[in-house]
Structures are given as C-alpha cells and as structure tokens.
Amino acid sequence: MSLDRKTVAHIATLARIKLKEEELDAYAKELDGILHWVEQLNAVDVSGVEPMSGVGRFALPKRKDEVTDGNCRDRILANAPEPAAGFFSVPKVVE
Amino acid sequence: MTKLTDLTVAGALDGLAKGSFSAKELTQAHLDAMVAARHLNAYITETPEKALRMAEASDQRRRAGKAGAMEGIPLAIKDLFCTEGVLTTAGSHILHGFKPTYESTVTTNLWKAGAVMLGKANLDEFAMGSSNMTSYHGHVANPWKRKGDNAVLVPGGSSGGSAASVAARIAMAATGTDTGGSIRQPAAFCGIVGIKPTYGRCSRWGIVAFASSLDQAGPMTRSVEDAAIMLGAMAGHDPKDSTSVDIPVPDFRAGLTDDIRGMKIGIPKEYRVDGMSPEIEKLWARGAEWLKSAGAIPVEISLPHTKYALPTYYIIAPAEASSNLARYDGVRFGLRVPADTLDEMYELTRAAGFGAEVKRRILIGTYVLSAGYYDAYYLRAQRLRSLIARDFTEAFKQVDVILTPATPTAAFAEGENSDDPVAMYLNDVFTVTVNLAGLPGISVPAALSAEGLPLGLQLIGKAFDEATLLRAGQVLEKAANFTARPS
C-alpha cells in the first residue's frame, strides 16, 4: 500500500502535529519508504505466535491502593507555560 | 604522574582512597578539560558550581569514613535523565526551560554512591537517532578523526554526548540509555565501553520515555571494570518503576575473574550481513580467537529471525514513542505556542517543538496504531518480536554468551547516511535484537580501522547475567589491548 498526501494529513491530525502543505509530499515519500521496507515482515508466517508487548519475565507487582503523594500543587505547576490561579490554563474550549 | 582526567574510575577511586588527590581536585580537572573541549558540543548544560559543591561534600564524606562505591567520581549525565532543578531537555525544543522538580532514580542512586555531576550530555532528540545529529542543541563532534582527514565524524547516537565526553576525557564516565543501540553504537564509534543491562535491571523512573518496553539505562566508561563498578551503583529495584525487577544486584566487579574456561561463545551466522565492512568481519573472527585462547569454546549458532529485527523495531519503537510523546501538549511543561483553540495550540506547539526525525517517528507510530492498520503492522511486529526473543531462548540453551560486531561500520562523517532514514536505521542492525529480547549487551573497543577509527565488538548475555557478560567482556578487552586514544 502506498501513502498519499491525504493519509499523511490525516495521521498528522491524529498526532496533533501541524504540517505545512509543502511538508506533506516530503513526509509522504519518507513514510512510504519506511512502510515499504517494513513490509518484508509479511514474508514470515506468524500464525499461532503470541504477540509480545513487553519483556515480561516477571509478573508485575501490585502495591497497596493507597495515597503515596500529594499536596504538591506548586511543584506540579512549576514548569507550566501559563499557569493561572493555581491551575493549568488552556484556550477556551466551551463557548 | 598520570593526568587526573586520564584515570579510570577504578584508578581514581584508588587515588582518592589513598589521599593522592581530592574529589574537588579531580572535579576541577574535569571542569577545566570540559571548557577546553567545548567545540565538541558534548554538553548541553554544564553545572560547574553544582559539581564543585558535590565534590566538596564527597570529600567530607570520605573524611568521615563514609565513602560510597562511586565516591568523588565526576560524571556526565545524558540529558534524558531528570535532574532536580537542572535544565532537562531530552535534546528537544519542546522541553524548553524544563527544570524537573524531582530526580531520576538512577541518578539518585549515583549521587547516593558519592558521584559528582559535571553536566548534562547532548543526545539525539528524545534519544531518536544514531548520529547525534537530531539534537535541537546541535551536533556533537566525535573526538576521533580519520587519519590525514579533518572531516568531523559523528559520535554515534543517541548517547553521543555521553560517548564523546568519556572518550575526550571531559567526563570520567557517563550515563547513557539504550532503546535500540543508543549506548553500544556510540561507545563503539568513540572507542569506549558501553553496557545495556537486562530490561528491568535499572529503574526507568525519571528518564524521559522513548519506547517503554525497550528503554534501559546503562554506564559508558573507559574500561570494563569501570562499567562493572558503575552498573552496580545504578542498578536495583525501584517501587516507582513496576518493570524494575526485585532481585539482588551482584558485585559485578568481584565477578571479573578472567576465568572463561569452558564458556560457550555463540557465533550467530545470520550476523554476516550485506554491507558489513571486511575489517569488521575480520575483527569478529579475531574476537572469537581471543576468547578461544582464554579457554572458551566458540559454537556456531543460528538466530533465524535476525533480519526481521530492524523492521520489527521500527514499528514497535515508533508506536510506543507516539504514545509516550502525546504528553507534550503545551499545557503542563515546556514549549507553548499560543493559539485560539485548544487543538490548534496542540498542533502548533508540537509542530514547533519537535524536530523532523521525531515527527517522522510519531507519524509512523500513529499510522501503525491507527484503526485498520493495527493488525497488519503493530500486531504483526509484536508477533515477530516473540520469534526474535525465542531465537535467543533457544540459542542460550547451547551457549553462555554471544559474540557479534557492535556496528556494521566505523564512525561516519556528518552528512553521510542522512538522506535516507532507512540507511541511518541500519546502524542498529546488530544491537536492536537485544532490546527486543530484553537481554543485556556490552560493546567493547577492540581495534582501530585502517582509517584509524575505533571498532567495537558486542557480547550478548542471558537475562540478568551481566556478571558473565562483564567477565567475558574484560577478557576481550585485555586481549584486544585497545590503548589508542583520540588525538
């Protein structure tokens, strides 16, 4: 399958990255090249093989469900680009 | 007398213990060297005041008889580790001005062991690259040059600043991280030792995430013994990273006994790849001979799915990255480009904050995870990952460690390899398998190329058997007797 401008524009919207018109062709070409290269994986019969999502040699431990942190609002906001009145701020989303 | 910056970690610990010099003197010598080598661009942020304060505190602890395992050793910290109150960039513009209010577990462990921070080392943006050319903070120069040629060579990546600083003697050792070869490939390019431990050996807490199922921190040093000392200080269980494993950390240094008699060394036939330099092929054979002379037994093995490792990696790593990097939204930290709507603010911030390679990987990752393509790409890659891991499980029924080249070529010049993303990805051909299987791997400098550049050999070990890996690595190191250094 080959990747066109329209698909790249759609992926970019999903990824929330604004691409300029002139960038779409360049990315389409590069991404298409990468996708063609990874298509060699289709040569392998993977039927019956379990997908591996992590190394997972050990069961993940569970900790007690209790509060271990908190009361650190200022530290959380310390790096926010535009904190306001003790909150993160964003452009208006509700009219 | 040896210059303080030429000492190994082991040598410096010895000198500090004897009182031949103080941690403050050792740190000052490195700070002076760091200033003189600024043309390498190995550091993004230098922290000389902090270094001297830490060194003074170290001297006090030593006087009080409380010296730790890395007491007084000055380090470069890859700028992917969050350091409290010190700018942490991940090599990206999107973390503009970010000063964490917390410290990563690995660096916390190092400071508890007495180490001193010289500064934050340059890296490829979000650790995505094999040349250190994708950093927002500029390229890093490899301190090595080809004989009779003044072209600037890349230090490798993504831990390029770490590797260059250790090779150039402007850090005694450095932390790195390795998702597909980012410790081992730059170590090979710069003529130093780098070990990627088993997945789960070191905590990932406080390290800026790239691909969470592959990322692992490790030491970059000028000797295998130094790597053993430093890995011991970095490693250990951390309740804040549920994938860090709660098993004892052995005394790696004590395990360096030189005795590899009867050890079975796997030589995987599938690692003879197209485009590998004949010099590297010869060095690989010589490496097997060295180990054999020390009493080990080379055994030809097969890792049949090797050729699928790179394309598998370049689906899985971008998929995880696209998810991890969703957090850079202009709201909570770093860069923000103002806009009228929330979506536009996200899109403009991320367009301005991420570089081309990071965008490429986020887009690929988003695509392979998107509806309609998930099964064809991502799920298939996860199944291939199982097969690649299984190859190693089978091989390790026959052998104790596996010997391979570290990289297909020596360091290349800036501009070479960079037109085609896939050509650049081929740098990781010998290293990515190890990350996919979650195994430990070490790169040891083994020879100079005809052009006068360092070449490395890699050893791959069984899960959590870094002790055997380091022991065999030190035998290689001694046989290779790599004493060359950048001019």
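Residues numbered from 1 in each chain as written. Chains lettered and ligands numbered in written order. Predicted model: local features only at pLDDT ≥ 70, side-chain atom pairs only at ≥ 80, totals over all residues.

Draft legend 1. Spotlight on the overall build of chain A. Secondary structure summary: chain A contains 3 helices and 0 strands in total. Going from N to C terminus, chain A has its helices and strands arranged as α-α-α. Taken over C-alpha atoms, the radius of gyration comes to 22 Å for chain A, far larger than the 12 Å a tight globule of 95 residues would show. Reported as C-alpha extents along the three principal axes, the dimensions of chain A are approximately 55 × 45 × 25 Å. Looking at chain A residue by residue over its 95 residues, the buried ones come to 16%. (Helix = DSSP H or I, 4+ residues; strand = E, 2+ residues; numbered from the N terminus. Rg over C-alpha atoms; globule rule 2.2 N^0.38 Å. Buried ≥ 20, exposed ≤ 12 C-beta atoms within 10 Å, placed from the backbone.)

Draft legend 2. Spatial organisation of the confidence of the model for chain A. Across chain A, pLDDT averages 92, with 99% of residues at or above 70. Mean pLDDT across the elements of chain A bottoms out in helix H2 (residues 21–38) of chain A (93) and peaks in helix H1 (residues 5–14) of chain A (96). (pLDDT = per-residue confidence, 0-100.)

Draft legend 3. Layout of the interface of chain A and chain B. Of the residues lining the interface, 40 residues belong to chain A; the matching set on chain B comes to 55 residues. For the side of chain A that touches chain B, the secondary structure elements donating two or more residues are H1 and H2 of chain A. Broken down by element, the residue count for the side of chain A that touches chain B peaks at 7 residues, all from H2 of chain A. Among the residues making up the side of chain A that touches chain B, the classes are represented as 27 nonpolar, 5 polar and 8 charged. (Contact = placed C-beta atoms within 7 Å. Nonpolar A, V, L, I, M, F, W, Y, C, P; charged D, E, K, R; others polar.)

Draft legend 4. Focus on the pairing of strand S10 (residues 441–448) of chain B. Residues and elements named next belong to chain B. Among the 8 residues that make up S10, 7 are buried, leaving the element largely enclosed by the rest of the structure. Taken together, the 3 bridges between strand S5 (residues 193–196) and S10 define a ladder with antiparallel strand orientation. Paired with glycine 194 across the two strands is serine 443, which belongs to S10. Strand direction decides the pairing type here: S10 and strand S11 (residues 454–461), joined by 7 bridges, are antiparallel. Of the residues in S11, the one forming a bridge with valine 444 is leucine 457. What sits between the antiparallel neighbours S10 and S11 is a turn of 5 residues, in which glycine 452 has the positive phi angle 90 degrees. (Pairing = 2+ DSSP bridges.)

Draft legend 5. Inspection of the sheet that holds S11 of chain B at higher detail. Residue and element names in this part refer to chain B. Reading across from one edge, S1-S3-S2-S4-S6-S5-S10-S11-S9-S7-S8 is the order of the 11 strands in this open sheet, with mixed pairing throughout. One side of each edge strand has no neighbouring strand; the edge strands of this open sheet are strand S1 (43–46) and strand S8 (297–301). Taken pair by pair, the neighbouring strands of this sheet meet at an average axis angle of 30 degrees, ignoring direction. Against the sheet, helix H2 (residues 23–36) makes contact with S1, strand S2 (74–78) and strand S3 (116–121), and its axis sits at roughly 20 degrees relative to S3, the strand it touches most. (Axes fitted to C-alpha atoms, helices over the stretch in contact; angles between N-to-C directions.)

Draft legend 6. Here's a closer look at the environment of valine 140 of chain B. Residue and element names in this part refer to chain B. Looking at the element boundaries, valine 140 is found in the loop between S3 and helix H5 (160–167). Given 33 C-beta atoms within 10 Å, valine 140 falls into the buried group. As a C-alpha pair, valine 140 and serine 322 span 182 residues in sequence and 26 Å in three-dimensional space. Sequence-distant contacts of valine 140, defined by excluding residues within four places in its chain, comprise Leu40, Asn41, Ala42, Asn122, Asn132, Pro155, Gly160, Gly161 and Ala164.

Draft legend 7. How the structure looks around helix H10 (residues 342–353) of chain B. In this model H10 of chain B runs 16 Å from its N-terminal to its C-terminal C-alpha over 12 residues, within 8% of the 16 Å that 1.5 Å per residue would give. Restricting attention to buried positions, one finds in H10 of chain B the residues Met345, Tyr346, Glu347, Thr349, Arg350 and Gly353 of chain B. (Expected span 1.5 Å × (residues − 1).)

Draft legend 8. Looking closely at the pairing of strand S6 (residues 216–221) of chain B. Residues and elements named next belong to chain B. Along S6, 6 of the 6 residues are buried, which leaves the element largely enclosed by surrounding structure. Judged from the 5 bridges that link them, strand S4 (residues 173–178) and S6 form a sheet pairing that is antiparallel. Bridging from a neighbouring strand, glycine 176 pairs with glycine 218 of S6. By the bridge criterion, 2 bridges tie S5 to S6 in an arrangement that is antiparallel. Bridging from a neighbouring strand, valine 193 pairs with threonine 221 of S6.

Draft legend 9. Examining the environment of leucine 80 of chain B more closely. All names here are of chain B. Among the structural elements, leucine 80 can be located in the loop between S2 and helix H4 (105–112). Of the residues examined, leucine 80 has 31 C-beta atoms within 10 Å and is grouped as buried. Between the C-alpha atoms of leucine 80 and aspartate 6, which are 74 residues apart in sequence, the distance is 26 Å. Not counting the four nearest positions on each side in its chain, leucine 80 is found in contact with Ala90, Leu123, Ala127, Thr177, Ile207 and Val208.

Draft legend 10. Fine view of the confidence of the model for chain B. For chain B, the average pLDDT comes to 96, and 99% of its residues sit at 70 or higher. Across the predicted assembly, pTM comes out at 0.97 and ipTM at 0.96.

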